[in-house]
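The lines below spell out each chain.
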Amino acid sequence: MITLYGHELSGNTYKVRLFLELLHLEYEYKPVDLMKGEHKQPPYLALNPFGQVPTLVDGDRVLQDAQAILVYLARKYGGDTWLPTDAVALSQVVRWLSVTAGEVRQGPENARLYHLFGVKAINIERATEKAHLILQQLDDYLSDRSWLELDRPTIADLAVFPYVPWPQMVRLP
Ligand SMILES: N[C@@H](CCC(=O)N[C@@H](CS)C(=O)NCC(=O)O)C(=O)O
């Protein structure tokens, strides 16, 4: 039995949910009320001490962090397709998990937090500058290919995608 804890406006939740759907896995979705601070209360902190969504529970295993969850699901349920084992190919895919946790988070993800959720602690000038930089990099890189690596969809695409289109598009159905 798989349970996903998340929030409907969270891109990190979105990428995991998208992957669960693509893998045709049955799961229960449990919304966490971020606006009311449910993610900082002891019951949820017991699952995710960082107090963040998403968290995935698969049987007695509890997993945190969207990228780590994508890796887990790919390896456990996705065969070699979504996450290759070959040294070079694996490194190519993991590179993008790193880019999403670095450049994408510092740029478009933070800009979205600032504009959509009013998180004023974010330095919006810096986030905007970084967003322009990584979006231009992605534009250039994807100008002659359809997928980030291996000429096919991998978890690299799932990890990077949600914070790249115009933020309002990133909503769960
Ligand atoms: N590295 C984590 C980051 C998760 C994250 O930042 N989640 C946001 C929602 S997209 C969150 O829970 N924010 C609430 C908070 O940090 O207090 C991941 O990739 O899952």
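Per chain, the residues get numbers from 1 upward, laid out in the order the sequence is written. Totals for whole chains, interfaces and linings use all residues, but because this is a predicted model, local features are given only for residues with pLDDT of at least 70 and pairs of side-chain atoms are given and counted only at 80 or more. Hydrogens are left out, water is left out, and the side-chain values use all remaining heavy atoms of the structure.

Comments concerning the environment of Leu-4
Inference 1: Relative to the elements of secondary structure, Leu-4 occurs in strand E1 (residues 2-6).
Inference 2: Between the alpha carbons of Leu-4 and Pro-153 there is a distance of 22 Å; along the sequence they are 149 residues apart.
Inference 3: We call two residues in contact when some of their heavy atoms are within 4.5 Å. Aside from chain neighbours lying at most four places away, what touches Leu-4 is Thr-13, Val-16, Arg-17, Leu-20, Tyr-27, Glu-28, Tyr-29, Lys-30, Pro-54, Thr-55 and Leu-56. Each helix is a run of H or I in the DSSP string that is no shorter than four residues. Each strand is a run of E no shorter than two, and both are numbered from the N terminus.

Considerations on the packing of helix H1 (residues 11-22) against helix H3 (residues 66-77)
Inference 1: At their nearest, the axes of H1 and H3 sit 9 Å apart, and the two run at 10 degrees to each other. Relative to H3, H1 is oriented roughly parallel. Of H3, the residues touching H1 (which contributes Asn-12, Lys-15, Val-16, Phe-19 and Leu-20) are Ala-66, Gln-67, Ile-69, Leu-70, Leu-73 and Ala-74.
Inference 2: Within the contact of H1 with H3, the residues separate by chemical class into eight nonpolar, two polar and one charged. Helix axes are fitted only over the stretch in contact, all axes being lines through C-alpha atoms; the angle between N-to-C directions runs from 0 to 180 degrees. For classification purposes, an angle smaller than 35 degrees is called roughly parallel, one larger than 145 roughly antiparallel, one from 65 to 115 roughly perpendicular, and anything else oblique. Just so you know the grouping, Ala, Val, Leu, Ile, Met, Phe, Trp, Tyr, Cys and Pro go in nonpolar, Asp, Glu, Lys and Arg go in charged, and all remaining residues, Gly too, go in polar.

With respect to the sheet that holds E1
Inference 1: The rule for pairing is simple: two strands pair if DSSP sees at least two bridges between them. Taken in spatial order, the four strands of this open sheet run E2-E1-E3-E4, and their pairing is mixed. Only two strands of the sheet have a single partner each, and these edge strands are strand E2 (27-31) and strand E4 (61-64). Adjacent strand axes in the sheet meet at a mean angle of 20 degrees, parallel and antiparallel pairs treated alike.
Inference 2: Both E1 and E2 contribute to a ladder of five bridges, which runs parallel. Bridging from a neighbouring strand, Tyr-5 pairs with Lys-30 of E2.
Inference 3: Strand contacts of H3: E1, strand E3 (55-58) and E4, with the helix running at about 30 degrees to E3, the strand carrying the most contacts.

Overview of the domain arrangement of the protein chain
Inference 1: What marks off one domain from the next here is an automatic or database domain assignment. As assigned here, the protein chain comprises domain 1 (2-77) and domain 2 (87-169).
Inference 2: Averaged C-alpha coordinates put domain 1 and domain 2 at centres separated by 20 Å.
Inference 3: The interface of domain 1 with domain 2 comprises 15 residues on the first partner and twelve residues on the second.
Inference 4: Summed over both partners, the interface of domain 1 with domain 2 comes to about 1100 Å²; 71% of that surface belongs to carbon and sulfur atoms.
Inference 5: Take the accessible area each of two parts loses on contact, using a 1.4 Å probe, and add the two losses: that sum is the buried area. Contact with domain 2 buries area across many residues of domain 1, yet Leu-9, Lys-15 and Gln-67 alone supply 37% of it, more than any other trio.

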